[in-house]
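# Structural overview
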Amino acid sequence: MSVMDRYSDAADQESRRVKRRHFKGLDSLRLGILSLTLIACGMLSSSMIVPSLGNLMHAPVRSLTVALVLEALSWCATPIVAWMLVAWMSSFEGPDANRGRWHGLLTIAVAAVVSEVPYDVANSGKAWDFSSQNPAFAVLITMIVLLILDALSPARRRLSDAEDCKRSTGMRMALLRGIVVIAGFAWMWLVNVGVRLGIMQGGVLFLLYGLVFRYVSRHENTMMLSATLAGLVGFMIPSFGLLAVHFRRDEQGTLSSQNRQYMALVVVYILILAICSIVRMGR
């Protein structure tokens with residue numbers, strides 16, 4: 001190999017290293033914008049395209065395909081939002097931890113209640129539709145489940161030195177955690193949280209993602225494999241959203257700054273639903 005060839009190869013390698021350095025991953029703001037865009041696609045499908053089709057059995061194939069593609073894109077937001085929730089909860093540490101937890105619960109609860117009617121109107125044209133509940137309730141239920149699990153886990157570190165006591169108390173804690181998880185899944189299933197098209201259990205899938213991201217995040221490959229398998233609940237379509245999670249950028253910000261950022265994303269979510277509900281009522 002000539003000197004010029006070696007120089008050219010070295011220059012190409014340096015260029016690739018510079019490009020890799022410039023791409024630092026998707027921060028929480030970009031992940032939020034991406035997830036809101038995907039959610040808006042699903043709302044656009046259910047509030048504008050589907051009502052214009054009339055009888056779906058006689059709908060044009062092209063329009064029906066567009067509606068289904070937009071709906072499928074919205075499913076890809078599920079793992080992104082689940083990861084953002086877990087990352088947000090991981091910032092609840094230090095002296096402001098309790099305040100952060102209560103602030104987060106209150107924010108999500110208010111958003112879920114406020115956006116429920118716009119969500120129902122945008123999807124079904126009715127103010128109350130019990131066939132599918134607002135996905136914001138999936139975020140709320142998942143947050144409650146994870147907080148309870150976190151509250152139960154420290155009890156294992158307060159065991160006495162007696163081995164039998166350790167074993168029996170550990171079994172009780174494991175049983176309690178299992179009951180909490182099952183109750184969360186039952187809650188999602190029974191009240192149709194995040195159900196789309198009557199077949200995709202968005203709430204159940206969201207809780208699955210939340211558990212995987214919360215407890216397997218130390219092992220990236222295992223976490224991604226587990227999350228991909230969890231995507232079977234959504235017929236593997238939501239697993240495409242894991243690409244954004246994989247190329248995330250882990251951030252270390254203050255709790256107050258993260259709260260302001262997530263609050264803004266919540267407000268935009270409510271505005272999207274409000275706009276789509278107005279569009280649906282006008283059709």
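Residues numbered from 1 in each chain as written. Predicted model: local features only at pLDDT ≥ 70, side-chain atom pairs only at ≥ 80, totals over all residues. Heavy atoms only, no water.

### Looking at the overall build of the chain
The helix and strand tally for the chain stands at 11 helices and two strands. Sequence separation of at least 24 residues holds for 75% of the intrachain contacts in the chain that already meet a minimum separation of 6. On the chain, roughly 15,900 Å² of surface is accessible, and the fraction owed to carbon and sulfur atoms is 66%. (Helix = DSSP H or I, 4+ residues; strand = E, 2+ residues; numbered from the N terminus. Contact = heavy atoms within 4.5 Å. Areas by Shrake-Rupley, 256 points an atom, 1.4 Å probe, with all protein chains shown as cover.)

### Overview of the pattern of salt bridges
Under the defined criterion, the tally for this structure stands at five salt bridges. The closest approach of N and O atoms between Arg30 and Asp27, which form a salt bridge, is 3.1 Å. Given the relative accessible area of 10%, Asp27 is considered buried. A salt bridge links Glu220 to Arg248, with the nearest nitrogen and oxygen atoms 2.8 Å apart. Linking Glu220 in helix α9 (residues 220–230) with Arg248 in the loop between α10 (242–246) and α11 (255–281), this pair joins segments that are 28 residues apart in sequence. Judged by relative accessible area, Arg248 falls into the buried class, the value being 15%. A single salt-bridge network, built from bridges that share partners, covers Asp27, Arg30 and Arg249. (Salt bridge = Lys/Arg side-chain N within 4 Å of Asp/Glu carboxyl O. Buried < 20%, exposed > 50% of the residue type's maximum accessible area, 1.4 Å probe, protein only.)

### A look at the packing of helix α5 (residues 97–124) against helix α6 (residues 136–152)
Any two packed helices are characterised by the angle at which their axes cross and by the distance between the axes. Here α5 crosses α6 at 155°, and the two axes come no closer than 8 Å. One way to sum up the angle between α5 and α6 is to call them roughly antiparallel. Of the two elements, α5 crosses α6, and the hand of that crossing is left-handed. Side by side, α5 and α6 meet where Arg101, Gly104, Leu105, Ile108, Ala109, Ala112, Val113, Ser115 and Glu116 of the first sit next to Ala136, Phe137, Val139, Leu140, Met143, Ile144 and Leu147 of the second. (Axes fitted to C-alpha atoms, helices over the stretch in contact; angles between N-to-C directions. Parallel < 35°, antiparallel > 145°, perpendicular 65-115°, else oblique. Left-handed = near helix turned anticlockwise from the far one by under 90°.)

### So, α9
Along α9, the positions that sit buried rather than exposed are Met223, Met224, Ala227 and Ala230. One side of α9 carries all its buried residues, which in axial view fall inside an arc of 120°. Facing away from the buried side of α9, by more than 90 degrees, are the exposed residues Asn221, Leu225 and Leu229. Looking at the buried residues of α9, the elements they touch are α4 (77–89), α8 (202–215) and α10. (Arc of directions from axis to C-beta.)

### Some remarks on the packing of aromatic side chains
Following the criterion strictly, the structure yields three aromatic pairs and no others. Here Trp83 and Phe213 contribute two aromatic rings whose centre-to-centre distance is 5.5 Å and whose plane-to-plane angle is 85°, an arrangement assigned as edge-to-face. Separated by 130 residues along the polypeptide, Trp83 in helix α4 and Phe213 in helix α8 bring together distant segments of the chain. Using a relative accessible area of 0% as the deciding quantity, one classes Phe213 as buried. Relative to Phe213, the ring of Tyr209 lies with its centre 5.8 Å away and its plane at 10°, an arrangement referred to as stacked. Placement of the pair is Tyr209 and Phe213 together in helix α8, with a separation of four residues, close to one helical turn. Residues Tyr209 and Phe213 agree in their burial class; the two are buried. Joined through ring pairs, the aromatic side chains of Trp83, Tyr209 and Phe213 make up one cluster. The ring of Tyr215 has Arg214 sitting right over it, with the charged end atom 5.3 Å from the ring centre. Seen from the ring of Trp83, Arg248 lies directly overhead, with NZ or CZ sitting 4.2 Å from the centre. (Phe/Tyr/Trp six-rings, centres within 6.5 Å; stacked < 30°, edge-to-face > 60°. Lys NZ or Arg CZ within 6 Å of the ring centre and 35° of its normal.)

Geometric values such as these leave the question of function open.
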